[in-house]
Amino acid sequence: MAAAMAFAAFHPFPTLRRFPFLRRISAATEFNISFGAAPSPDFKEAVPKTLVPDPSSPDPSAAPIPILIPWIVRGEDGQLTLQSTPPARFLQAMAEAKMAKKEKKKVDKKKPSGATATAPSSLASTTSAPKYSKAARRFYNQNIREQPQRLSKVLAAAGVASRRSCEELIFEGKVTVNGSVCTSPQTRVDLAKDSIYVNGNRLSKKLPPKLYFALNKPKGYICSGAEDSKSVVSLFGDFLKSWSKSNPGLPKPRLFTVGRLDVATTGLIIVTNDGDFAQRISHPSSELRKEYIATVDGKINRRHLGALSEGTEVEGVHCIPDLVELLANQPDASRPRLRIVVHDGRNHEVRELVKNAGLQLYSLKRVGIGGFRLPSDLG
């Protein structure tokens with residue numbers, strides 16, 4: 001019975017034709033909504049009252065009563081508030097939608113007939129979601145995106161000159177970064193963002209790809225980066241001349257040899273434009289094994305092999321080879337051959353070992369670096 005009376009108390013409208021329950025309010029009224037504690041067991045429920053319509057007829061000459069819509073809004077403190085005006089963010093969204101509609105009409109008027117209208121890029125950027133999540137962008141910036149590097153390293157990677165020559169250019173004030181002369185090779189720059197000029201020529205935003213060549217060096221060529229007719233790099237003349245045609249838009253790479261071989265030494269040498277790779281391969285701390293085939297004049301006995309295994313002093317360091325082996329005679333070779341493996345990488349190390357053993361070196365050829373061997377079909 002109580003439930004039926006409560007329903008009748010809160011739903012009296014179907015039986016009423018006219019009920020002026022709205023009154024004019026001069027200012028916005030806010031109501032704080034709070035929830036009380038549960039009633040005590042001794043609490044007696046009040047008898048609900050039935051609402052009775054106002055019998056007096058409205059004045060036809062009076063101004064119409066405005067319709068006020070209550071808004072339940074959650075405030076900054078987290079509490080629900082009842083107010084008679086819409087929230088500010090709702091009004092702002094309505095205004096932005098109205099402005100977007102006007103902008104769209106302007107774009108439609110400017111476009112020729114038959115073309116489909118699209119939202120302006122400024123409006124699309126504010127409403128569309130980002131392509132990648134924040135975590136994905138952070139991972140890309142920390143692990144994949146290239147970080148700012150030293151100016152001298154960037155110039156060398158771009159093929160301007162060797163790193164040492166690039167430092168000289170910087171010291172001479174021939175390099176500018178974002179319009180200012182830079183005289184410090186350690187300055188960190190980002191090639192994608194910074195504007196770099198060398199001798200008045202702008203540096204390309206793109207770097208040449210990393211290249212690695214295994215070359216069977218012929219006799220009589222020197223391992224020098226200079227443009228010499230007898231340098232190892234000169235053997236790539238045709239390749240570099242056709243670079244712009246086969247790789248449009250990419251700067252020409254600056255090739256150099258990884259380590260050095262004597263003029264008279266032949267065999268495997270690596271040519272690249274990757275400075276970090278060359279440093280790791282050629283530095284003695286890498287302890288990469290390098291294998292040579294030494295052809296000598298005269299006969300080889302056990303005394304010679306023992307002297308070779310004991311090593312010798314090279315550049316103030318006692319160098320001992322990892323392996324010394326006398327190879328079997330071949331029908332087409334009349335001179336004996338030795339297989340010598342070293343890891344120190346000292347200058348003229350193998351030649352000094354052979355000389356210290358009392359042997360006369362006829363020819364020297366490198367056939368392996370680390371796990372890479374010179375292909376037998378490489379001319």
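Look above for the structure.
Described below are features of the structure shown in this document. Residue numbers restart at each chain and count upward from 1, following the sequence in its written direction. Local features in this predicted model are restricted to residues of pLDDT 70 or higher, and side-chain atom pairs are both shown and tallied only at a pLDDT of 80 or more, whereas totals for entire chains, interfaces and linings draw on every residue. To obtain the side-chain values, all non-hydrogen atoms of the structure were used and water was disregarded.

Turning our attention to the layout of surface pockets. Here the largest pocket defines a volume of roughly 1400 Å³. What lines the largest pocket is a set of 47 residues, and nearest its centre among them are Thr257, Val258, Gly259, Ala278 and Ser282. At the level of elements, α5 (151-157), α6 (163-171), β11 (256-257), α9 (275-282), β13 (290-297), α11 (349-356) and β18 (360-369) are the ones that each hand at least two residues to the lining of the largest pocket. Helix numbering and strand numbering both begin at the N terminus, where a helix is a DSSP run of H or I of at least 4 residues and a strand a DSSP run of E of at least 2. With six residues, the single largest contributor to the lining of the largest pocket is α9. Each residue receives one of three labels: charged for Asp, Glu, Lys and Arg, nonpolar for Ala, Val, Leu, Ile, Met, Phe, Trp, Tyr, Cys and Pro, and polar for the others, Gly being one of them. Each residue belonging to the lining of the largest pocket can be placed in one class, and the counts come to 15 nonpolar, 16 polar and 16 charged. We place a 1 Å grid over just the protein atoms. Points where a 1.4 Å probe fits but has no way out form a cavity, open points with protein on both sides within 12 Å along at least 5 of 7 lines form a pocket, and any residue with an atom within 4 Å of a point lines it. Grid points are joined across faces, edges and corners, and a volume is the space filled by probe spheres set on the points.

So, on to the pairing of strand β2 (residues 71-74). Note that β2 and strand β3 (residues 80-83) share four bridges and pair antiparallel. By the bridge assignment for β3, tryptophan 71 is matched with glutamine 83. Where β2 hands over to β3, the hairpin turn is made up of five residues, of which glycine 78 adopts a positive phi near 90°. Whether two strands pair comes down to DSSP finding at least two bridges between them.

Attention shifts here to unusual backbone geometry. Most peptide bonds are trans, and most residues other than glycine sit at a negative phi. Positioned with a positive phi, glutamate 287 is a non-glycine residue whose angle comes to about 55°. Its place among the elements puts glutamate 287 in the loop between α9 and β13. We call a residue buried when its accessible area falls under 20% of the maximum for its residue type, exposed when it is over 50%, and partly exposed in between, using a 1.4 Å probe and counting protein chains only. The class of glutamate 287 is exposed, set by a relative accessible area of 53%. Here the phi dihedral of histidine 348 falls at roughly 60°; this positive angle occurs in a residue that is not glycine. Its location among the elements puts histidine 348 in the loop between β17 (337-342) and α11.

What follows covers the pairing of β17. Among the six residues in β17, five count as buried, and that is most of the element. As defined by bridge partners, β13 adjoins β17 across six bridges and the pair is classed as antiparallel. The partner of alanine 294 across the bridge, within β17, is leucine 338. Pairing geometry for strand β16 (residues 323-326) and β17, over four bridges, is antiparallel. Within the sheet, the bridge partner assigned to leucine 326 lies in β17 and is leucine 338.

Here glutamate 167 lies in helix α6. Taking C-alpha positions, glutamate 167 is 9.4 Å from alanine 156, a pair spaced 11 residues apart along the chain. Residue contacts follow a heavy-atom distance rule, with two residues in contact if any of their heavy atoms lie within 4.5 Å. Excluding anything up to four places from it in sequence, glutamate 167 contacts Ser152 and Pro185.

We now examine the environment of leucine 305. Inspection of the secondary structure puts leucine 305 in helix α10 (residues 302-310). Taking the C-alpha atoms as reference, leucine 305 lies 7.6 Å from alanine 357; in sequence the two are 52 residues apart. Discounting chain neighbours no more than four positions away, the residues touching leucine 305 are Ile300, Val324 and Leu338.

Right, let's get into the nonpolar core. Working definition of a nonpolar core: buried Ala, Val, Leu, Ile, Met, Phe, Trp, Tyr and Cys residues. They are joined through side-chain atoms within 4.5 Å. Counting residues in hydrophobic clusters, the biggest one holds 30 residues, and the most contacted among them are Leu255, Leu308, Ile340, Val350, Val354 and Leu359. Those elements that place two or more of their residues in this core are β12 (266-272), β13, α10, β17, α11 and β18. Looking at which domains feed residues into this core, each of domain 2 (208-286) and domain 3 (288-378) gives three or more. Setting aside residues no more than four positions away along its own chain, leucine 255 makes contact with Leu211, Phe213, Val233, Phe236, Leu240, Val271, Thr272 and Asn273. Judged by nonpolar contacts, the second largest core, of 17 residues, contains Leu151, Ala158, Leu169 and Ile170. An automatic or database domain assignment provides the domain bounds reported here.

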